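Coordinate analysis (summary)
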Amino acid sequence: VGTKDLPAKACMTQNDLRNDLLVRLQTEMSVTGLTCQWKAEKGKNLLDQYATFSRRHLKKLLSSQEEHGKFLARYEKGSAPRLFDRYRTILANEEMTVAGKYGHPDYCAHRYARFNEVAALDPKGLDTWLDAMGKAREKEYKPCK
């Protein structure tokens, strides 16, 4: 993946990094849910599971999106909501490109385990997941000094 979509001069605080990881995760889950609807777990397709995940974490998702828009506005011109929407669209298009490159069956097989792992998380579990992912990927982000 990587951080090439972020503004070139952007530096990240721990909170910025967590927000970016959550935005990327939610975008990936959205694309996976739309692309892999044929996968069913407990009678629910992935899009239904994504909707349940989004409702369960709605406050965290909305605050993360708002904060990430403000983060982007520190480095680019434009309104924070518009910049965030553009960023989300770029991420979604890139995820769809990945799905197209590998083909839907391979893409879905690759994303399925992580999707189900994350979709089942409660708020504390999501925080733990984001912390672990932040530690694993922090070298990809430019820290603020």
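In this report, the structure presented in the accompanying data block is examined. Owing to the predicted nature of the structure, the values given are computational and were not obtained by experimental measurement.

1. Considering the nonpolar core
Within the largest apolar cluster, 34 residues are counted, with the highest numbers of intra-cluster contacts made by L6, L25, M29, F53, V118, L126 and W129. When contributions to this core are tallied by element, the ones reaching two or more residues are α1 (14-35), α2 (46-56), α3 (58-73), α4 (80-102), α5 (104-119) and α6 (123-137). For this core, the element with the most residues is α1, which contributes seven residues. Contacts of L126, omitting those with residues within four sequence positions, involve L22, L25, F53, H57, K60, V118 and L121.

2. Comments concerning the side chain of R111
Position of R111 relative to the elements: it lies in helix α5. What makes R111 buried here is its relative accessible area of 13%. At a separation of 3.5 Å, a polar atom in the side chain of R111 contacts the side chain of H110.

3. Comments concerning the state of the cysteines
Inspection of the entire model under this criterion finds two disulfides. Between the sulfur atoms of C11 and its disulfide partner C144 the distance amounts to 2.1 Å. Taking the sign of the S-S torsion, 90 degrees for the link of C11 and C144, the bridge is right-handed. Taken as a pair, C11 in the segment before α1 and C144 in the segment after α6 lie far apart in primary sequence, 133 residues in all. Residue classification places C11 among the buried positions, given a relative accessible area of 16%. With its sulfur 2.0 Å from that of its partner, C36 forms a disulfide with C108.

So, how was this worked out
Residues numbered from 1 in each chain as written. Predicted model: local features only at pLDDT ≥ 70, side-chain atom pairs only at ≥ 80, totals over all residues. Heavy atoms only, no water. Core = buried A, V, L, I, M, F, W, Y, C linked by side-chain atoms within 4.5 Å. Buried < 20%, exposed > 50% of the residue type's maximum accessible area, 1.4 Å probe, protein only. Helix = DSSP H or I, 4+ residues; strand = E, 2+ residues; numbered from the N terminus. Contact = heavy atoms within 4.5 Å. Polar contact = N/O pair within 3.5 Å; in protein donor to acceptor, adjacent residues only side chain to side chain. Disulfide = S-S within 2.5 Å.

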